[in-house]
Amino acid sequence: MRKPIIAGNWKMNNTKADTAELLTALKPLVKDAKAEVVVCVPYTAIDTAANIIKGSNIKLGAENVHWAEKGAFTGEISVKMLVELGVEYVIIGHSERRQYFGETDETVNMRAKAALAGGLKPIICVGETLAEREAGKTDEVVIRQTTGAFKDIDKSELDKIVIAYEPVWAIGTGKTATSEEANATIKVIRDTVAKLYCRDCAETKVRIQYGGSMNPKNAAELMAQPEIDGGLIGGASLKAVDFSQVVKY
Ligand code: PGA
């Protein structure tokens, strides 16, 4: 009942030329996919990507967005600018942004609200660091991050929101959470949404992805878990064949 969603997070990779090459190769490989397919690309590649995936089943995403409508925010990009380019999804609160660019639960919430108000679907990232996991704080951290991200978001918006559970220690490291661990933490996140809204909302409206070294080899096992509705894919999204194999897990 929750449609699986596999999204690529290209991070700071791929020029316009690389984008054209990768998406041209990807299109035929995923055309029969049962999952929803999204590529979240750097701002500079959005226009190129939009042109290439037009008419295909690949949807377009960005990697961040600012909360203000417009104004003196040098270097930032607004919701309206993304919508104009045909962007549908936007990653918010990725751990790299939290770690290197001062993103907080509060700014994640501000970005998510602005995205929804302007018609973008946020992919909100949560997840614990290695130190937090080792201190037994995983559940506490994802509950805090989820609660913070959803502050003042109306129930009617829930079906537009995707959460990505990404244990920070599993990102780009080749280490994955076991599928059981990932499933258990995603259950904690879903229970948090249920508490904030309602059980049915959590079960039927919000999709929750796993992210962190998900690849063609482990995708099927992760996706077989009942709570895991998809993946946010970094490294393996940079190669058309690898990404298509994850999409078709
Ligand atoms: P990874 O990245 O697949 O390279 O671990 C995932 C992410 O950061 O979204």
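Residues numbered from 1 in each chain as written. Predicted model: local features only at pLDDT ≥ 70, side-chain atom pairs only at ≥ 80, totals over all residues. Heavy atoms only, no water.

**Student:** Account for the packing of helix α1 (residues 16-30) against helix α11 (residues 240-247), with residues named and values stated.
**Tutor:** Helices that pack against each other are described as a pair by the angle of their axes relative to one another and the distance between those axes. Between α1 and α11, whose axes approach to 9 Å, the crossing angle comes to 30°. By the angle between their directions, the pair α1 and α11 is classed as roughly parallel. The two elements α1 and α11 meet at a crossing, and its hand is right-handed. For the pair α1 and α11, contact is made by Leu22, Ala25, Leu26, Leu29 and Val30 and by Ala240, Val241, Phe243, Ser244 and Val247, respectively. A per-class count over the contact of α1 with α11 returns nine nonpolar, one polar and no charged. (Axes fitted to C-alpha atoms, helices over the stretch in contact; angles between N-to-C directions. Helix = DSSP H or I, 4+ residues; strand = E, 2+ residues; numbered from the N terminus. Parallel < 35°, antiparallel > 145°, perpendicular 65-115°, else oblique. Left-handed = near helix turned anticlockwise from the far one by under 90°. Contact = heavy atoms within 4.5 Å. Nonpolar A, V, L, I, M, F, W, Y, C, P; charged D, E, K, R; others polar.)

**Student:** Hey, could you go over the pairing of strand β3 (residues 58-62) for me, with residue numbers and the actual values?
**Tutor:** Summarising burial for β3: four of the five residues are buried, a large majority. Inspection of the sheet shows strand β2 (residues 36-40) paired to β3 by four bridges, in the parallel sense. The residue bridging Cys40 from the neighbouring strand is Gly61, located in β3. (Buried < 20%, exposed > 50% of the residue type's maximum accessible area, 1.4 Å probe, protein only. Pairing = 2+ DSSP bridges.)

**Student:** A description of the site of the ligand should follow, citing residues and the corresponding values.
**Tutor:** Lining the immediate surroundings of the ligand are 13 residues, of which Lys11, His94, Glu166, Gly172 and Ser213 lie closest. In the environment of the ligand, an oxygen atom lies 2.7 Å from a nitrogen or oxygen atom belonging to the side chain of Lys11. His94 places a side-chain nitrogen or oxygen 2.7 Å from an oxygen atom of the ligand. When the ligand is considered free in solution it has 280 Å² of accessible area, and contact with the protein chains removes 96% of it. Its residues assigned to classes, the shell around the ligand comprises four nonpolar, seven polar and two charged. (Near = heavy atom within 4 Å. Polar contact = N/O pair within 3.5 Å; in protein donor to acceptor, adjacent residues only side chain to side chain. Areas by Shrake-Rupley, 256 points an atom, 1.4 Å probe, with all protein chains shown as cover.)

**Student:** Give me the lowdown on the environment of Leu22, citing residues and values where you can.
**Tutor:** Relative to the helices and strands, Leu22 resides in helix α1. Given a relative accessible area of 10%, Leu22 falls into the buried group. For the pair Leu22 and Val241, spaced 219 residues apart in sequence, the C-alpha separation works out to 9.5 Å. Leaving out residues up to four positions away in the same chain, Leu22 has contacts with Trp10, Asn14, Ser237, Leu238, Lys239 and Ala240.

**Student:** Could you give an account of the pairing of strand β4 (residues 89-92), naming the residues involved and the relevant values?
**Tutor:** Residue alternation in β4 divides its side chains into two sets, Tyr89 and Ile91 and Val90 and Ile92, and both sets are buried. In this structure, β3 lies alongside β4, joined through two bridges in parallel fashion. Following the sheet pairing, Gly61 is matched in β4 by Tyr89. For the handedness criterion, the β-α-β arrangement of β3, helix α3 (residues 79-84) and β4 is classed as right-handed. (Right-handed = clockwise from strand over helix to strand, strands pointing away.)

**Student:** Any chance you could break down the pattern of salt bridges for me, citing the residues and the numbers?
**Tutor:** All chains considered together, the criterion is met by 23 salt bridges. In this structure, the salt-bridge partner of Glu203 is Arg2, at a minimum N-O distance of 3.6 Å. Of the two residues, Glu203 is situated in helix α9 (residues 199-204) and Arg2 in the segment before β1 (5-9); the sequence distance between them amounts to 201 residues. Among the residues examined, Arg2 registers a relative accessible area of 15% and is labelled buried. Where Glu36 meets Arg207, a salt bridge forms, and the shortest distance between an N and an O atom there is 2.7 Å. Pair noted here: Glu36 is in strand β2 and Arg207 is in strand β7 (residues 207-211), with a separation of 171 residues, a long-range link. For Arg207, a relative accessible area of 12% corresponds to the buried category. Residues joined by salt bridges that share partners form a network here, namely Arg2, Lys187, Arg190, Asp191, Arg199, Glu203, Glu227 and Asp229. (Salt bridge = Lys/Arg side-chain N within 4 Å of Asp/Glu carboxyl O.)

**Student:** How would you sum up the state of the cysteines? Please name residues and give values.
**Tutor:** Across all of its chains, the model carries one disulfide by this definition. With a sulfur-sulfur separation of 2.1 Å, Cys198 is cross-linked through a disulfide to Cys201. An S-S torsion of about 95° defines the bridge between Cys198 and Cys201 as right-handed. Assessed through its relative accessible area of 22%, Cys198 is described here as partly exposed. As a non-bridged cysteine, Cys40 has Cys125 as the owner of its nearest cysteine sulfur, 8.9 Å distant. Cys40 sits in the buried class, given a relative accessible area of 0%. With a relative accessible area of 2%, Cys125 lands in the buried category. (Disulfide = S-S within 2.5 Å.)

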